[in-house]
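Descriptive analysis of the structure
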Amino acid sequence: MDTKYTLTMNFEMKYDVVVVGGGHAGCEAAVAAANMGAKTCLVTMDMNKIAQMSCNPAIGGIAKGQIVREIDALGGEMGRVTDATAIQFRMLNRSKGPAVWSPRAQCDRGKYIWQWRTTLDNTPLLDVWQDQVDELLTKGKTAIGVHTIWGVNIYAKSIVITAGTFLNGLMHIGRQMVAGGRIAEPAATHLTESITQHGIRSWRMKTGTPVRIDKRSVHFEDMEIQPGETDFHQFSFMAPQRVLKQLPCWTCNTNAQVHKILNSGLPESPLYNGQIKSIGPRYCPSIETKLVTFPDKEQHPLFLEPEGEDTNEMYLNGFSSSLPMHTQIEALRQIPALRDVKVYRPGYAIEYDFFDPTQLNHSLESKIIEGLFFAGQVNGTTGYEEAGGQGLVAGANAAIHCSGGAPFVMARDESYIGVLVDDLVTKGVDEPYRMFTSRAEYRILLRQDDADARLTERAYQIGLAKTARYEWWMKKKKNIEEIEQFCQNTSVKPTAINSALESIGTTPLHGSTKLIDLISRPQLSINQLAEWLPELSTFLSNFNERHEEIIEATEIRIKYKGYIEREKMVAEKMHRLENIKIKGKFNYAEMHQLSTEARQKLEAINPETLAQASRIPGVSPSDINVMLVLMGR
């Protein structure tokens, strides 16, 4: 990849990879491509809004936090940027098993942008160009570059489209409509049509965002405080501990009077007066959708979250709305804590174009146009984390495409990102796709604590993860193995621990027991046992760097070993179907042994493997058996 940066009199630039859009997907795609040795250009409308958090200034959450940990383990940057700008951290689902523990952090919105700018500015082989792309350049069925509104042609071997909500974006507040990709930012016109003329299908989706509130007008004495956590947990396996001032969030509820005012505004709601025809996110509904869907519910929770260390702006989570602004504000003032509320701007809805993700390969390259990749909301997803994960996959594969290597694809038992991509290209979307732990059939294998164990070595092999990250993981891996071996080889006598065991209500020992068997008990932890057993305490003191993380990872492996091994066996059985390649081996239209729906779906998606075929909605187990028989299996 020795393409040199050139600028001709015709305003042409040449790169290996061009990334269109500077959101979360675009930033990860650009860094991934550059890290793999591709000369990369990131084209964005506004360099001062790189990785803008268009909605909630928070990263992570249920299943989303696992994705960020995976991005970090793979060599991506979202976890590092989040830790550097976090103003509150929490580990969600602690009351449940570690398979579904999920990190989440509030971030300083402004500092998050500039931390990403710093990251991009310090990434070798990566340039940023401030402009707007309005046309895809092709030669036959191959993408060769993009054209911008300022008349620049940027040629490249791979093009990554990460345009977010900007493609023909249309914002709604009540009956008012304004073209735009985000509040106060223009929509991107013509690019969708430039892509769809090649046979790539597009549709419309809708999302929304809440009102922004001036904290000086809030009566916090009428709200419940929600503090963060200050333990060792964070997103990046490599970053230093959080450095910014940690701030609380606050909670309150709507009430009957709020609902009365909101209901009175429904005739003016673009969601219910026919103005918006596209589909919104089911799992993050607007406040008016909540009232219509749950008419008997007397209140809904709201979360007031800080936007940064040095700003009075606050985000009202749970109050996404496109109702007229006077209706939004009047309703808010019926909440005791917000009786004198002042707002910076009302909530709004936005409609935008997305492309059918079933027309993509698992590398996120188009099946129709060679060298064209898609990532983020243009694939029908919602969320910064889902976008970042796709961006990393698309950027890595865009770089690989330049030199002709094998695509980088992750399996469903390997990462949540693998689940996400497989769901998109196999099942498609009929509403904005959001990741949940329930979407993954191998949750015990896809924990937030072991993302580096699953992914770092593989990422290092293709040049995605750098040496420092790989060496840190190898050191951590060695430390985990040493602790496991110590616990396996060390015996504990009843006299050394029975009084302590009885004091916490767990069964005393009747003879010498291996330390690893004690750790397997749900009532006991390694740190707790170290308080009672000097030998264990002395041994653990040898691990100084990130020792809490290492101890936790070891303990989870010990306690859940049986479950982990069982799930690995199930995954291995599915891998047998993954190894059966079927693409190009069947003429589905003539396979009358299959159901009509199965024939139609298989012909449209043209799956790579029998396992992928089995996950297509409408393809039954009997259809899979028919194909197995026809293949002589």
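Refer to the structure above for everything that follows.
Each value, and the rule that gives it
Residues numbered from 1 in each chain as written. Predicted model: local features only at pLDDT ≥ 70, side-chain atom pairs only at ≥ 80, totals over all residues. Heavy atoms only, no water. Helix = DSSP H or I, 4+ residues; strand = E, 2+ residues; numbered from the N terminus. Rg over C-alpha atoms; globule rule 2.2 N^0.38 Å. Buried < 20%, exposed > 50% of the residue type's maximum accessible area, 1.4 Å probe, protein only. Contact = heavy atoms within 4.5 Å. Areas by Shrake-Rupley, 256 points an atom, 1.4 Å probe, with all protein chains shown as cover. Lys, Arg positive; Asp, Glu negative; His and termini not counted. Charge placed at Lys NZ, Arg CZ, Asp CG, Glu CD. Pairing = 2+ DSSP bridges. Axes fitted to C-alpha atoms, helices over the stretch in contact; angles between N-to-C directions. 1 Å grid on protein atoms, 1.4 Å probe; cavity = no way out; pocket = protein on both sides within 12 Å on 5 of 7 lines; lining within 4 Å. Points joined across faces, edges and corners; volume = space filled by probe spheres on them. Nonpolar A, V, L, I, M, F, W, Y, C, P; charged D, E, K, R; others polar. Parallel < 35°, antiparallel > 145°, perpendicular 65-115°, else oblique. Expected span 1.5 Å × (residues − 1).

Re the overall build of the protein chain
Helix and strand counts for the protein chain come out as 21 helices and 23 strands. The C-alpha radius of gyration of the protein chain comes to 26 Å, within 12% of the 26 Å expected for a compact globule of 633 residues. Principal-axis analysis of the C-alpha atoms places the extent of the protein chain at approximately 80 × 70 × 55 Å. Across the 633 residues that make up the protein chain, the buried fraction comes to 58%. Considering only intrachain contacts with a sequence separation of at least 6, the fraction spanning at least 24 residues in the protein chain is 73%. When the accessible surface of the protein chain is summed, it comes to about 26,000 Å², and 52% of that surface belongs to carbon and sulfur atoms. A gap of 2 Å separates the mean positions of the 69 positive and 74 negative side-chain charges of the protein chain.

Considering the sheet that holds strand 1 (residues 12–14)
Strand order in the open sheet formed by 4 strands is 1-10-9-8, and the pairing between neighbours is mixed. Pairing within the sheet leaves two strands with one partner each, and these edge strands are strand 1 and strand 8 (133–139). When the angles between neighbouring strand axes are averaged without regard to direction, this sheet yields 25°.

Section: the sheet that holds strand 3 (residues 40–44)
Sheet architecture is open: 5 strands sit in the order 7-3-2-11-21, paired in parallel fashion. In this open sheet, the two strands that pair with only one neighbour each are strand 7 (126–130) and strand 21 (372–374). When strand polarity is set aside, the average angle formed by the axes of neighbouring strands in this sheet is 20°. Examined bridge by bridge, strand 2 (residues 17–20) and strand 11 (residues 158–161) share 4 bridges and lie parallel to one another. Considered in strand 11, the bridge of Val20 is made with Ile161.

Looking at the layout of surface pockets
Its volume calculated, the second largest pocket comes out at about 500 Å³. When residues of the lining of the second largest pocket are traced back to their parent elements, those giving at least two are helix 11 (451–461), helix 12 (467–489), helix 17 (547–559) and helix 18 (561–578). By residue number, the principal contributor to the lining of the second largest pocket is helix 18, which donates 7 residues. Split into classes, the residues belonging to the lining of the second largest pocket amount to 7 nonpolar, 1 polar and 14 charged.

Thoughts on unusual backbone geometry
The phi torsion at Leu125 lies on the positive side, around 70°, for a residue other than glycine. Looking at the secondary structure, you find Leu125 in the loop between helix 4 (109–121) and strand 7.

Observations concerning the packing of helix 9 (residues 384–403) against helix 10 (residues 416–427)
Remark: helix 9 packs on helix 10, axes separated minimally by 10 Å, with the N-to-C direction vectors making an angle of 85°. Accordingly, the angle class assigned to the pair helix 9 and helix 10 is roughly perpendicular. Residues Glu386, Gly389, Gln390 and Val393 of helix 9 form the contact with helix 10, whose participating residues are Ile417, Leu420 and Leu424.

As for the environment of Phe354
Here Phe354 lies in strand 20 (residues 348–355). The spacing of Phe354 and Ala163 is 191 residues in sequence and 9.2 Å in space, taken between C-alpha atoms.

Overview of the pairing of strand 3
In terms of burial, strand 3 is largely enclosed, as 5 of its 5 residues are buried. Burial of the side chains of strand 3 extends over both faces: Thr40, Leu42 and Thr44 are buried on one face and Cys41 and Val43 on the other. Note that strand 2 and strand 3 share 4 bridges and pair parallel. Each bridged residue has a counterpart across the sheet, and for Val17 the counterpart in strand 3 is Thr40. In this structure, strand 3 lies alongside strand 7, joined through 5 bridges in parallel fashion.

Some thoughts on helix 17
Spanning 13 residues, helix 17 covers 18 Å between terminal C-alpha atoms, matching the ideal 18 Å at 1.5 Å per step. Most of helix 17 is tucked away, with 10 of its 13 residues classed as buried. Elements in contact with the buried residues of helix 17: helix 12, helix 14 (515–519), helix 15 (526–532), helix 16 (534–540) and helix 18.

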